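Analysis of the macromolecular model
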Number of protein chains: 2
Amino acid sequence: MKNYFAKRMDNVNPSAIDELLALGADPSIISFGGGYPDASLFPKQMLNQVFNEIINDPTGSTMQYAPSDGLPTLREKIATLMNEDGTPCSIDDILVLQGSQQGIDLAARMLINPGDTLITEDPTFLGALLAFNPNQPNYAAIPMDENGMKMDVLEETLKSNPKSKLIYTIPDFQNPTGVTMSIERRKELINLANFYDVIILEDTPYRHIRFEGQNLPTLRSLDTENRVIHLGSFSKILVPGLRIGWALAEKSLLKKMSLLKVAADTQTSTLNMAATNLFLERFDLFSHIEKLRHAYLIKKELMLKEITKHFPKNIKITNPSGGLFTWVTFDTTFDTTQFMKEIALSEAKVAYVPGGSFFPVKEQRHHARINFSSQPENLIKKGIEALGQSIRNYEKRNTN
Amino acid sequence: MKNYFAKRMDNVNPSAIDELLALGADPSIISFGGGYPDASLFPKQMLNQVFNEIINDPTGSTMQYAPSDGLPTLREKIATLMNEDGTPCSIDDILVLQGSQQGIDLAARMLINPGDTLITEDPTFLGALLAFNPNQPNYAAIPMDENGMKMDVLEETLKSNPKSKLIYTIPDFQNPTGVTMSIERRKELINLANFYDVIILEDTPYRHIRFEGQNLPTLRSLDTENRVIHLGSFSKILVPGLRIGWALAEKSLLKKMSLLKVAADTQTSTLNMAATNLFLERFDLFSHIEKLRHAYLIKKELMLKEITKHFPKNIKITNPSGGLFTWVTFDTTFDTTQFMKEIALSEAKVAYVPGGSFFPVKEQRHHARINFSSQPENLIKKGIEALGQSIRNYEKRNTN
C-alpha cells in the first residue's frame, strides 16, 4: 500500500517498549512494568451500588448523550476537590476528559506548531511523548535532581529557545522517577514561565497517593498569570477503567480544549461520569485514598528493601514519598533494554520498563522504572529476588 | 492573553449552532435538535445485570487498565457482528474506539495534511467537519440526490483535485439528510476511489436502524483494494452513554490509528468495553434492535404526517428508510437559522438544527434537520403543530 499518511505521522511509530511489554503480558511473568494500581483495593461494593443506582435512573439520562464539557454535577464536585486541595477554581474552569492523557493530547494539539520547542523533564512520561510527537515539536529536556527539574538549566533553555511554547511537568511523584518538585522550584518555575511567556502543562495523576506530609501547592495555585493548564485524574484514586480525568485552565484555553474534545470523541462516557459523581456524593473519597496510601507505602518499603537486598550494590534507587514508581539507575555499562529482552523476561520471568523510552532527546539505557503498586507482596519478593539473581549472574558472566 | 494557539486552531471555533442548541437545552423547549435515541427504550434491566456482573469480577480486571486496542473478547464479538452483516474481517482488523467520532478524528489526523482535498457529501455530519477542521483540509462537497452522492460530480471533483486524499461518507440513512446510497453508487464509489487512489472513510452509526428491506452491502465489503476505513458504533443500537465504537481497516492504517488512539486517551473505558462484551454474550442484540426499528418507524411516520399537515405546502421532506432524521427543505427565501433564533425557540418553543452548519463549502440556509427518534409521540405532535403554526404566521407576516 502506498504511503497515504500525513506528514505528522512520521513521528508516530511503535515504541521499542511496546514489543517488550507485549511479552510481559505473559501470565507466567511477574510484571513491574505498567503503572497499574492494585486491583484488590478497588472499591467494588461502592461502585456496584453506584452503577446500580444510575442505571435505574428513571429518565435514562445517565445512559444518554451528555454535555461534552462533562456532567455539570461532576464538574462542580471536581471544582470542590480542587478548592479543598488549595487550588481556587469554579465549575466553569473544569473540563471533564477521557483520562488526563486526553488533556495532554488536546493541550499539545492546541498549542504546538511543528518546530515549536516543547520542554519536559528528563526523563518524562512516555504517554506524554506519544501525544506530543504528532505535533512535531523540538524537544528540550531538563535534567532533574531530588528536588525536580533543575531551574538553572531550564532558564538557559528558555533563554536560548525563543520558540519555547510549553513546559510539561509532573510535579508530584514524577513518572518515571518518583521525584517531587520542591516548593522553591515550583515558585521558580512559575516565575520563569511568566518571564519567558510560556504555558505550563501540570500533570498530577499521582498527587493524592502521598505517603507522608502534606500536599505541596499545585503549580496552578501558584500561577499568577493564568498560564498553568492543570490536569487531574481519578485513575489512581478510584479506578482506571472509568477513564475520568479533568483539565482546569484559563477560560480561552479551556474553551479551545473543549472544542477539540467535542471533535475528538463527542464526550466522555455519561455512565462513568454519573458513576464518579455519585461515588463522590455517597462516599468519602479521601477515606478510600487513605487506604491506598497505607497499602502503597507498605509495598514501596518492601520494594526498596528487596531491591537493596538483591540488586548489585552500585545501583541507585529513588525513594519516592508517593506515587507508584521507583527509578533504578545501574552502572552506565548496564543496558536495561537489552537485559530485559535477553534475560529478564526469559530467565527471571520478570518485566520492568527499560528507562530508554522516557528520554525525549538523548536516550540513557542504564535505568529501569519499577512499579511497586500492582503486584502483591509475595510476588514483589519473588520477582525482585529472581531479577536480582539474574542481574548478578549476568554481571558475573560479563566480568569473567 | 496573547495568542498561544497553534496554527491549526484557526479553524477551531464555536459553531453558530452551539449557541442555538444551548438555548434548546431549556426544558420548556421541545427539541428535535440532537441525534438522540429514545431513552425510554434503553435496555436498563439487561445493562444493570451486566454491570453488576462485571463489577463483581473477582480479579477486578474490568476496572483496571486494558489493552488500548480494546478488550480482545469485545473485538472478537465486533468482528462476528461485521461478518454476520456481510463484511468479512477478523479480530485483528478491529480497533475499539471512544464512539465512532473518535474514528473520524483519528483517521483525519492520520491522513490529512494542510491543503489536502477532503471530499464529503453536501450536506454532511457536522461532528465530522469539527474533527476535520484542525487538519486544515480544502473541502470539496458533492451534492446528493435520493440515491446519495452524485457520482458524476464526484468524478469531476477527483479529476480536478489531484491532492484528493479522503472521501467521507455516511452511506446508510445519512446525517443530516436521511438519504441512503444505492448499491450502484456504492460500487461506483469504490471504482472511483480505486482509480483516483483515495481512501474512503465509511461512517455507519445508523446502519442497523433500518425500517424496511435488507441492509445494503457496506462499502468495506465491496472494497477491492483495502482502501475503506469502516466505522461502526453501539450508540444508536445499545446506548450512547457507553461511548463504544470501532474501526475496521487495512492493517497498516489500523496500526497508525491505534498508535494515535493510545496517545489520544490511552484506551476506551474498560468497564464499558466489558459491559458491551457481556451484553453481546448474554443477550440478543438484534432482538433489541428489532424493537428500536419498530418504535422509530412509528415515530418517523408520525413525524412525516405531522410535518405534512402543519408545515407550508411548498416544503420538501426526505422519507428515510432508517436512521433518526428527516431533512426539510423550505423555499430558498426561508432562513432556518434566523427563524430558529428569532421565533422557533421563543414563540413555538421548539428546536431543530438549522441546515447551514452541515455544508462544508457553501452554506445553504433554507433547510432544517429534524430528529424523530428522541421525543415521545405526544410531543412530536405538539412540537410540530406549534412549529408549523409559527412558520405559517411568519410567512403570512412577510407576505403582507
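Here the structure is a predicted model, which means the values were calculated and not measured. (Residues numbered from 1 in each chain as written. Chains lettered and ligands numbered in written order. Predicted model: local features only at pLDDT ≥ 70, side-chain atom pairs only at ≥ 80, totals over all residues.)

This brings us to the overall build of chain A. For chain A, the count of helices and strands is 13 helices and 14 strands. Expected size for 400 residues packed as a compact globule is a radius of gyration near 21 Å; at 21 Å, chain A falls within 12% of this value. Across its three principal directions, the C-alpha atoms of chain A cover 70 × 55 × 55 Å. Here chain A holds 400 residues, and the buried ones make up 55% of them. Across chain A, the fraction of contacts at a sequence separation of at least 24, relative to all contacts at a separation of at least 6, is 76%. (Helix = DSSP H or I, 4+ residues; strand = E, 2+ residues; numbered from the N terminus. Rg over C-alpha atoms; globule rule 2.2 N^0.38 Å. Buried ≥ 20, exposed ≤ 12 C-beta atoms within 10 Å, placed from the backbone. Contact = placed C-beta atoms within 7 Å.)

For the rest of this paragraph, the subject is the sheet that holds strand E10 (residues 316–317) of chain B. Residues and elements named next belong to chain B. Within the open sheet, the four strands sit side by side as E10-E11-E14-E13. Their pairing is antiparallel. Here the strands that pair on one side only, and so sit at the sheet edges, are E10 and strand E13 (353–354). Alignment of strand E11 (residues 325–329) against strand E14 (residues 367–371), held across five bridges, turns out to be antiparallel. The residue of E14 that forms the bridge with Thr329 is His367. Lying over the sheet, helix H11 (residues 285–310) contacts E10, E11 and E14, oriented at roughly 15° with respect to E11. (Pairing = 2+ DSSP bridges. Axes fitted to C-alpha atoms, helices over the stretch in contact; angles between N-to-C directions.)

As a further point, take the relation of the copies chain B and chain A. After a rotation of 180° and a shift along the axis of 0.0 Å, chain B superposes on chain A with an RMSD of 0.0 Å. What the rotation and shift describe, once combined, is the action of a two-fold rotation axis. A shared interface surface links the copies, since 100% of the contact residues of chain B are contact residues in chain A too. (Least-squares fit on C-alpha atoms with pLDDT ≥ 70 in both.)

What follows covers the domain arrangement of chain A. Residues and elements named next belong to chain A. Per the domain assignment, the segments of chain A are domain 1 (7–42 + 287–399) and domain 2 (45–282). In this assembly, 31 residues from domain 1 lie in contact with 30 residues from domain 2. Of all the secondary-structure elements, those providing two or more residues to the side of domain 1 that touches domain 2 are helix H11 (285–310) and strand E11 (325–329). Ranked by residues supplied to the side of domain 1 that touches domain 2, first place goes to H11 with six residues. Its residues assigned to classes, the side of domain 1 that touches domain 2 shows 17 nonpolar, 10 polar and four charged. (Domains from an automatic or database assignment. Nonpolar A, V, L, I, M, F, W, Y, C, P; charged D, E, K, R; others polar.)

All names here are of chain B. Taken across its five residues, E11 has four buried, putting it largely inside the fold. Two strands pair when backbone bridges link them, and E10 and E11 are joined in this way by two bridges, in the antiparallel orientation. Bridge assignment links Ile317 to a residue of E11, and that residue is Val328.

A word on the sheet that holds strand E8 (residues 228–233) of chain A. Residue and element names in this part refer to chain A. Pairing is mixed across the open sheet formed by eight strands, whose spatial order is E2-E9-E8-E7-E6-E3-E4-E5. Lying at the two open borders of the sheet, with one neighbouring strand each, are strand E2 (94–98) and strand E5 (148–149). Pairing between E8 and strand E9 (residues 244–248): four bridges, direction antiparallel. The residue of E9 that forms the bridge with Leu231 is Ala247.

Here we take up the confidence of the model for chain A. Mean pLDDT over chain A: 95, with 98% of residues reaching 70 or higher. Here the predicted complex scores 0.97 on pTM and 0.97 on ipTM. (pLDDT = per-residue confidence, 0-100.)

Once that is clear, we can look at the environment of Asn147 of chain A. Positionally, Asn147 of chain A belongs in the loop between strand E4 (138–145) and E5. The spatial distance from the C-alpha of Asn147 of chain A to the C-alpha of Ser182 of chain A is 5.1 Å, given a sequence separation of 35 residues.

In this assembly, 64 residues from chain B lie in contact with 65 residues from chain A. Looking at the side of chain B that touches chain A, the elements with two or more residues in it are helix H2 (44–55), helix H4 (99–111), helix H5 (126–132), helix H9 (251–265) and helix H10 (270–282) of chain B. Its residues placed into classes, the side of chain B that touches chain A shows 31 nonpolar, 23 polar and 10 charged.

Attention shifts here to the pairing of strand E14 (residues 367–371) of chain A. Side-chain positions along a regular strand alternate between the two faces of the sheet. All names here are of chain A. The element E14 is extensively covered by neighbouring structure, given that five of its five residues are classed as buried. What you see with E14 is no split at all: His367, Arg369 and Asn371 on one side and Ala368 and Ile370 on the other are buried throughout. Pairing of strand E13 (residues 353–354) with E14, which is carried by two bridges, proceeds in the antiparallel orientation. In the strand pairing of E14, Pro354 is matched with Ala368.

Now for helix H13 (residues 377–399) of chain A. Residues and elements named next belong to chain A. Compared with an ideal rise of 1.5 Å per residue, which puts 23 residues at 33 Å, H13 spans 33 Å between its outermost C-alpha atoms and is within 8% of the ideal. All buried positions along H13 are accounted for by Ile380, Gly383, Ile384, Leu387, Gly388 and Ile391. The inward-facing, buried residues of H13 abut strand E1 (30–31), H11, helix H12 (336–348) and strand E12 (350–351). (Expected span 1.5 Å × (residues − 1).)

Attention now moves to the packing of helix H2 (residues 44–55) of chain A against helix H10 (residues 270–282) of chain A. Residues and elements named next belong to chain A. Contact geometry of H2 with H10 gives a least axis separation of 9 Å together with a crossing angle of 120°. On the basis of their axis angle, the class for H2 and H10 is oblique. Both H2 and H10 take part in a crossing whose hand is right-handed. Between H2 and H10, the contacting residues are Met46, Leu47, Val50, Phe51, Glu53 and Ile54 on the first element and Leu271, Ala274, Ala275, Leu278, Phe279 and Arg282 on the second. Residues that form the contact of H2 with H10 fall into these classes: 10 nonpolar, no polar and two charged. (Parallel < 35°, antiparallel > 145°, perpendicular 65-115°, else oblique. Left-handed = near helix turned anticlockwise from the far one by under 90°.)

Another point: the packing of H11 of chain B against helix H13 (residues 377–399) of chain B. Two quantities define a packed helix pair, namely the angle between the axes and the distance from one axis to the other. Residue and element names in this part refer to chain B. Where H11 contacts H13, the two axes come as close as 9 Å, and the packing angle between them is 20°. Here H13 runs roughly parallel to H11, going by the angle between their axes. Our pair here, H11 against H13, has a crossing hand that is right-handed. For the pair H11 and H13, contact is made by Lys299, Leu302, Met303, Glu306, Ile307 and His310 and by Glu377, Ile380, Lys381, Ile384, Glu385, Gly388 and Gln389, respectively. Within the contact of H11 with H13, the residues separate by chemical class into five nonpolar, three polar and five charged.

As a further point, take the environment of Glu385 of chain B. All names here are of chain B. Here Glu385 shows up in helix H13. Taking the number of C-beta atoms within 10 Å as the measure of exposure, Glu385 has 15 and is therefore partly exposed. Separated by 76 residues in the primary sequence, Glu385 and Lys309 have C-alpha atoms spaced 8.3 Å apart. Apart from the residues within four sequence positions on either side, Glu385 is in contact with Glu306 and His310.

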